Every structure is written in structure tokens, then in C-alpha cells.
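Reading the structure
What follows is each chain in one-letter form.
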Amino acid sequence: MMNNFSKFIESVLACTGGLWLGLEPYYFLTNTADEKITFFGFLSLSIVLAIIWFLINGFFFSGFLKNSLVIKSNGFDTKIHILFGDLFKQDGWSMIAVNEYFDSKVDEKHVASNSLHGVMLSRYWAGNTADFDKQVQTELRAVKPLKSNSKSTKSGNTVKYPVGTTAAVNQGEQKFLCVVLTKTDPTTLKVSADSLALHKSLRGGLCKARTICAGKPLNIPLIGSGIAGTGIKTNIIVDLILLAIFEETKSQKITNEIRIILPIQKKKDIDLVTLQKDWQ
């Protein structure tokens, strides 16, 4: 809200200055000084022009007033919807990035409480993470795990899986695709990922979604932008998510609608207008 207010003030100042620069030479060259606009009229006209420019700029140029957009392609019939909102308020399946151990212990060491992984566990498996672990184990019973480091001092889950491994879990109406993104240091428990891991994770999650969504919406958050530590800028992550979606969808349809859910606080970092121009 404050960002939009500052944009409006910028519009007022710009229109006031532009109107002043336009009127002064007009009055001078036409010798119509007696017909000068009143101060109140000048101020009113500046504000009207500022409102018009604020709306035009906000929706069609800078895009700071846009909250969503839809990207369509002639190559496939899947609707890709990019919007600012809350991942946990969406219907359908939601993709959540997890570490290679599918940890369920929210203690700021194994899983951070402010990560989407931590929020999911705290909201839907609080006090019952055994159910989460059981669902994951059932889902991954046919997946070959990676060899564990014998020197690891890690507690909790000790079986680790390759990046991109995905487990479908649910709690009532809430359905999640937990996909491995990060690797965990066995001593410090610090997680990390890079651009290659992000791409493999997205492709793995999308492949799993193809087999389980059954036409229902798939919601993808800004994976890799937080604790994962990829170091990739927000707008580039959106491009990487779109690239993975296009690649997988051209190979074979995933579902009818895919939503990229962006945090409201990232609005100043993401230009929806440019995204639409680049991908439409």
C-alpha cells in the first residue's frame, strides 16, 4: 500500500512538473498571460493527469497495480496463472520444497518454522508428524535412496533421496507435493541448493504432478528464493519456473491449470507486465 502511495506521489510530481513546463512556454509564445490558469485549476488539472498516468503506468507499463496475469500458448492448452497470494489458501495440489531427508522436525535446525516446509508441518501435522513421515515412506517405498554419510551426527530422518524426488501427502482437503530441493550438511544441518538443483527439483515435481493432479490445479510457490540459499534473484526464479513448466508441458500435459503463487511482499521485485511480454 505504501509503495503504491509513493508511486502516486511520483505521478503527481511528474504531472505537475510536466504541466508547468508545458504552460509556461505556451503563455509566453502566445502572449496570453491574462488567460493564465488559476492556481486551484492548475493543481486540480495536475491531480487529474496524475491519476490517469498512475493507472496507465500501474497496469500497462510498470505493472505495480497488477496482481495477476494469465499466460497462454498455442503449443498447449494448460492455463498458467501468475498471481500474488497465499499458497495455503489455494485449491488443488501445492508444491513444497523440502530437504533430501524429508525432515519433519520443526526446530529451526532440521526445518525452519518460517519456511513453507515448516509452515506446512506446523499447520497440518502439528503434534502428528509421524503421519507425515508414514505417508512419505509409503510414497517413496519404490525409490532408491542415496547412501548416507556414516559420519553424520544428524538426528531424526536419516534416509536421504536425490534432488527432484517427490512425495504426495495430504491432510484432509490439503494436498501437497513435497519435492527435494536442498542438500543438508550432516554436521551443521545447513541446507543449500543451486540453479541446477532448482531445475531438477521443478522438473521432478512437475513429473509427479502429471500422474496425480488429475486435472486439478497445481500451485507452485517461489521455490528456491528463501532458506534454500540459491542466490538467484526473484524475477529469474519466476523465469526458471516458467521454463520448467513449458518444457514439461510440451513433453506431455501436466494438468489444466498451473498457478505460480508469489508472496505479496515480493511485489516490488516482480514486474508482471514484463513477464507477460516475455512469455506470451
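The following refers to the structure shown. (Residues numbered from 1 in each chain as written. Predicted model: local features only at pLDDT ≥ 70, side-chain atom pairs only at ≥ 80, totals over all residues. Heavy atoms only, no water.)

Thoughts on the overall build of the protein
Defined as follows: To qualify as a helix, a DSSP run of H or I must reach at least 4 residues; to qualify as a strand, a run of E must reach at least 2; elements of each kind are numbered from the N terminus. C-alpha atoms define the radius of gyration in this analysis, and the globule rule sets the expected value at 2.2 Å times the number of residues to the power 0.38. With a 1.4 Å probe rolled over the protein chains alone, any residue whose accessible area is under 20% of its type maximum counts as buried; one over 50% counts as exposed, and the rest are partly exposed. Only heavy atoms matter for contacts: two residues are in contact if any of them lie within 4.5 Å across the pair. The method behind every accessible area is Shrake-Rupley, applied with a 1.4 Å probe, and residues are considered shielded solely by the protein chains displayed.
The secondary structure content of the protein amounts to 7 helices and 8 strands. Radius of gyration (C-alpha) of the protein: 25 Å, far over the 19 Å computed for a compact globule of 280 residues. Its C-alpha atoms give the protein principal-axis dimensions of about 90 × 40 × 35 Å. The 280 residues of the protein split such that 44% are buried. Considering only intrachain contacts with a sequence separation of at least 6, the fraction spanning at least 24 residues in the protein is 68%. In the form shown here, the protein has an accessible surface area of approximately 15,100 Å², with 57% of it arising from carbon and sulfur atoms.

Brief notes about the packing of aromatic side chains
Which entries qualify depends on this criterion: For this analysis, a ring pair means two rings from Phe, Tyr or Trp (six-membered ring only for Trp) whose centres lie within 6.5 Å, classed as stacked if their planes differ by under 30 degrees, edge-to-face if by over 60, and tilted for the remaining angles. Only Lys NZ and Arg CZ are tested; either one counts as a charge over a ring when it is within 6 Å of the ring centre and within 35 degrees of the ring normal.
Within the structure shown, the criterion is met by 8 aromatic pairs. Ring geometry for F102 versus Y161: centroids 5.8 Å apart, planes at 80°, classification edge-to-face. Of the two residues, F102 is situated in the loop between strand 3 (93-99) and helix 3 (116-124) and Y161 in the loop between helix 4 (129-139) and strand 4 (166-171); the sequence distance between them amounts to 59 residues. Here F102 and Y161 have matching classes, each one buried. Between the aromatic rings of W125 and F132, the centroid separation amounts to 5.3 Å while the plane-to-plane angle is 65°, which identifies the pairing as edge-to-face. Comparing W125 with F132, the two get one shared label, buried. The ring of F84 has K267 sitting right over it, with the charged end atom 5.8 Å from the ring centre.

Topic: unusual backbone geometry
A positive phi is found at F102, a non-glycine position, where the angle reads about 50°. Its identity is not glycine, yet E108 carries a phi of approximately 70°, on the positive side. Note that E108 resides in the loop between strand 3 and helix 3. In this structure E108 comes out as exposed when scored by relative accessible area, which is 52%.

Some remarks on the pattern of salt bridges
Think of it this way: side chains of opposite charge can pair up when their charged atoms draw near. As a reminder of what qualifies: Only one rule defines a salt bridge in this text: a Lys or Arg side-chain nitrogen within 4 Å of an Asp or Glu carboxyl oxygen.
Enumeration over the complete set of coordinates arrives at 7 salt bridges. Here R259 ties to D91 by a salt bridge, and the two come within 2.9 Å at their closest N and O atoms. Of this pair, R259 sits in strand 8 (residues 257-262) while D91 sits in the loop between strand 2 (76-84) and strand 3, and the two are 168 residues apart along the sequence. R203 is the partner of E248 in a salt bridge, and the nearest nitrogen-oxygen pair spans 2.5 Å. One end of the pair, E248, is in helix 6 (residues 234-251); the other, R203, is in helix 5 (residues 195-212), with 45 residues separating them in the sequence. According to the relative accessible area criterion, E248 is buried, its value standing at 5%.

Quick notes on the nonpolar core
As a reminder of what qualifies: Within this scheme, the nonpolar core is defined by two criteria: the residues are buried Ala, Val, Leu, Ile, Met, Phe, Trp, Tyr or Cys, and they are joined through side-chain atoms within 4.5 Å.
Counting 62 residues, the largest nonpolar core has I82, F102, M120, F176, L218, I220 and L262 as its most contacted members. Setting aside its immediate chain neighbours within four residues, I220 contacts M95, L202, L206, I241, I245, I258, R259, I260 and I261.

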